[in-house]
Amino acid sequence: MTDYSQQLKQTAKAMVAQGKGILAIDESFPTIEKRFKTIGIDSSEENRRAYRDLLITAPGCEEFISGMILFDETMRQSSSDGTPFPKALIERGIMPGIKVDKGAKDLAGHPDEKVTEGLDDLRDRLAEYRDLGAKFAKWRAVITIGDGIPSEGCIHANTHALARYAALCQEAGIVPMVEPEVLMDADNTIDVCYDVTEKTLTHLFSELNNQGVSIEHTILKINMVISGKQCPQQAGVDEVAEKTVKCLLATVPPSLPGIVFLSGGQSPQLATEHLNAMNASNPNLPWPLSFSYGRALQEPCLKAWEGKENNVESARNALLHREKCNSLACTGKYSSDMEE
Ligand code: 13P
């Protein structure tokens, strides 16, 4: 069997290089349709291609972005000049990543809980993605907070699947970005989010260990420890930063090469402020803390674009601005003055 350890090590390190993060543009068909609806355009194949072209070939983003997570369709599409998207990224020193899970489905016997599917044929799919240029892969598990949930069964099923996916990725020379997302849509307090995130991460690292996954060749993508959206008491920026870092220090091995956050429905500016606060107050953490945002990087860009060719330049400026702000937040050097 090929020994990919040097390659995996280099990829993981490059993903979280100082001042760089990941742009997540791997929306599935139903999700991109939902996003396009907000600007009143159809989710046609050409609209999806044109939008991803705008994001992928935006000049200057290589300064702030180490990798982009693509959806299967995007991996096989090309920019307007005919360059396949993975090639267009690699030429500018940006690593192509791929979403390999097949979505969160209802977990049998567990009302209101989900389990992520996609392990069947994953070995073959990973080999194909590697040939198409993928350097890392993402799998998102969803943990829902509610009355009496998450259950042990849900956390176990999801972390077990994440570990099996991660082992297959490493076997294929692809860095796994393991993403257990504790959703922020409920009315729970920040302390409940802390407990659920802590429990999920504890289970995750135990499962990764059981499956022989090399932690040194794995990137964690995680939610921040944050108040539920419907909770009347919203924790402030400093509390979110402090509790998130405390939870990570309690659960994540120091040998992990890096942690990136999802934005999960936070506003673009708040997602930047939270990341900045964590890095500003904790300059000596065992791992870099960076970003892998979807909505928090794309929202202003999508709004500026409106599906119109004439708006591409202003849309790219909006994207670049968010990328730059989050890049600065990776070293605690962002200030809200930059939003003017
Ligand atoms: P958001 O930042 O929009 O939560 O998306 C990131 C992502 O890739 C979720 O899987």
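Basis of the calculations
Going along each chain's sequence as written, the residues are numbered from 1 onward. For a predicted model such as this one, the threshold for reporting local features is a pLDDT of at least 70, and the threshold for listing and counting side-chain atom pairs is 80 or more; totals across whole chains, interfaces and linings nevertheless cover every residue. Working from all heavy atoms in the structure, the side-chain values ignore hydrogens and water. Strands are runs of DSSP state E lasting at least 2 residues, helices are runs of H or I lasting at least 4, and numbering of each runs from the N terminus. Based on C-alpha atoms, the radius of gyration is set beside the globule rule, defined as 2.2 Å times the residue count to the power 0.38. Relative accessible area decides the class of each residue, using a 1.4 Å probe on protein chains only: under 20% of the type maximum gives buried, over 50% gives exposed, and in between gives partly exposed. Any two residues having at least one pair of non-hydrogen atoms within 4.5 Å are treated as being in contact. Throughout, the Shrake-Rupley method with a 1.4 Å probe supplies accessible areas, and for residues the shown protein chains are the sole cover considered. Pairing of aromatic side chains here covers Phe, Tyr and the six-membered ring of Trp, requires ring centres within 6.5 Å, and sorts the geometry by plane angle: under 30 degrees stacked, over 60 edge-to-face, intermediate tilted. Throughout this document, a residue counts as near a molecule or strand when at least one of its heavy atoms sits within 4 Å of that molecule or strand. By the criterion applied in these results, polar contacts are pairs of N or O atoms within 3.5 Å in which, for protein atoms, one can donate a hydrogen and the other can accept it, and in which residues neighboring in sequence qualify only through two side-chain atoms. Side-chain classes are defined by residue name, with Ala, Val, Leu, Ile, Met, Phe, Trp, Tyr, Cys and Pro counting as nonpolar, Asp, Glu, Lys and Arg as charged, and the others, Gly among them, as polar. Nonpolar cores were defined as sets of buried Ala, Val, Leu, Ile, Met, Phe, Trp, Tyr and Cys residues, with membership established by side-chain atoms within 4.5 Å. Strands were regarded as paired on the criterion that DSSP finds at least two bridges between them. Here an angle of 0 to 180 degrees is reported between the N-to-C directions of two axes, which are lines fitted to C-alpha atoms, with helices fitted over the stretch in contact.

Asker: Residue-level account of the overall build of the chain, with values.
Answerer: Secondary structure assignment for the chain yields 12 helices and 10 strands. For a compact globule of 340 residues, the expected C-alpha radius of gyration is about 20 Å, and the chain comes in at 19 Å, within 12% of that figure. Projected onto the principal axes, the alpha-carbon positions of the chain cover approximately 50 × 50 × 40 Å. Considering the chain as a whole, with its 340 residues, one finds that 55% of them fall into the buried category. For the chain, the proportion of contacts with a sequence separation of at least 24, taken over those separated by at least 6, is 78%. Within the structure as shown, the chain displays about 14300 Å² of accessible surface, and the carbon and sulfur contribution to it stands at 48%.

Asker: Describe the packing of aromatic side chains, naming the residues involved and giving the relevant values.
Answerer: Applying the stated criterion across every chain yields a total of six aromatic pairs. Between phenylalanine 36 and tryptophan 305, the ring centres sit 6.1 Å apart and the planes meet at 55 degrees, which makes this aromatic pair tilted. Here the residue phenylalanine 36 occupies a position in helix α2 (residues 29-37), and tryptophan 305 occupies one in helix α11 (residues 295-305), the gap between them amounting to 269 residues. Taken individually, phenylalanine 36 and tryptophan 305 each receive the classification buried, so the pair is uniform in this respect.

Asker: Can you break down the site of the ligand residue by residue, with the values?
Answerer: In the vicinity of the ligand lie 13 residues, with Lys138, Lys221, Ser263, Gly264 and Gly294 positioned nearest. Lysine 221 places a side-chain nitrogen or oxygen 2.7 Å from an oxygen atom of the ligand. In the environment of the ligand, an oxygen atom lies 2.7 Å from a nitrogen or oxygen atom belonging to the backbone of glycine 264. Protein contacts shield 92% of the accessible area of the ligand, which totals 300 Å² for the unbound molecule. Of the residues that constitute the shell around the ligand, the class distribution is three nonpolar, four polar and six charged.

Asker: So what about the nonpolar core? Which residues, and what values?
Answerer: Counting 101 residues, the largest nonpolar core has Met68, Tyr165, Leu220, Leu248, Leu289 and Trp305 as its most contacted members. Excluding residues within four positions of it along the chain, leucine 248 makes contact with Leu201, Leu220, Ile222, Ile259, Phe261, Trp287 and Leu289. Within the second largest apolar cluster, eight residues are counted, among which are Val115, Ile143, Ile145 and Ile155.

Asker: Tell me about α11, residues and numbers included.
Answerer: Buried within α11 are the following residues: Ala296, Leu297, Gln298, Cys301, Leu302 and Trp305. Of the residues one or two after α11, glutamate 306 is the one with positive phi, at around 55 degrees.

Asker: Tell me about unusual backbone geometry, residues and numbers included.
Answerer: A cis amide bond links isoleucine 149 with the next residue in sequence, proline 150, at an omega value of 10 degrees. Mapped onto the elements, proline 150 comes out in the loop between β6 (136-143) and α7 (152-171). With phi around 65 degrees, aspartate 121 is a residue other than glycine that occupies positive phi space. In this structure aspartate 121 comes out as exposed when scored by relative accessible area, which is 56%. Despite not being glycine, glutamate 306 has its phi angle at roughly 55 degrees, a positive value. What makes glutamate 306 partly exposed here is its relative accessible area of 39%.

Asker: So, the pairing of strand β3 (residues 95-99): which residues are in play, and what are the values?
Answerer: Consecutive residues of a regular strand have side chains that alternate between opposite faces of the sheet. Counting buried positions over the five residues of β3 gives five, a clear majority of the element. Taking every second residue as pointing to the same face, both faces of β3 are buried, with Met95, Gly97 and Lys99 on one and Pro96 and Ile98 on the other. Here four bridges tie strand β2 (residues 65-70) to β3, and the two strands are oriented parallel to one another. Note on β3: the bridge partner recorded for methionine 68 is proline 96.

Asker: Quick rundown of the environment of tyrosine 334? Include the residues and the values.
Answerer: With respect to the helices, strands and loops of the structure, tyrosine 334 is situated in the segment after α12 (312-329). In this structure the C-alpha to C-alpha distance between tyrosine 334 and threonine 272, which are 62 residues apart in sequence, comes to 8.0 Å. Those residues in contact with tyrosine 334 that sit more than four places away from it in its chain are Gln269, Thr272, Glu273, Asn276, Arg322, Cys325, Leu328, Ala329 and Glu339. Here the side chain of tyrosine 334 touches glutamate 339 through a polar contact of 2.6 Å, side chain to side chain.

Asker: How would you summarise the pairing of strand β1 (residues 21-25) if you had to cite specific residues and measurements?
Answerer: Within β1, five of the five residues are buried, which leaves it mostly tucked inside the rest of the structure. Judged from the two bridges that link them, β1 and strand β10 (residues 289-293) form a sheet pairing that is parallel. Of the residues in β10, the one forming a bridge with leucine 23 is tyrosine 293.

Asker: So what's going on with the sheet that holds β3? Residues and values would help.
Answerer: Spatially, β1-β2-β3-β6-β7-β8-β9-β10 is the arrangement adopted by the eight strands of the closed barrel, whose pairing is parallel. Here the strands of the sheet are splayed against their neighbours by 25 degrees on average, with no regard to which way each runs. Relative to the sheet, α7 contacts β6 and β7 (175-182), its axis offset from that of β6 by approximately 175 degrees. Lying over the sheet, helix α10 (residues 268-281) contacts β9 (258-261) and β10, oriented at roughly 165 degrees with respect to β10.

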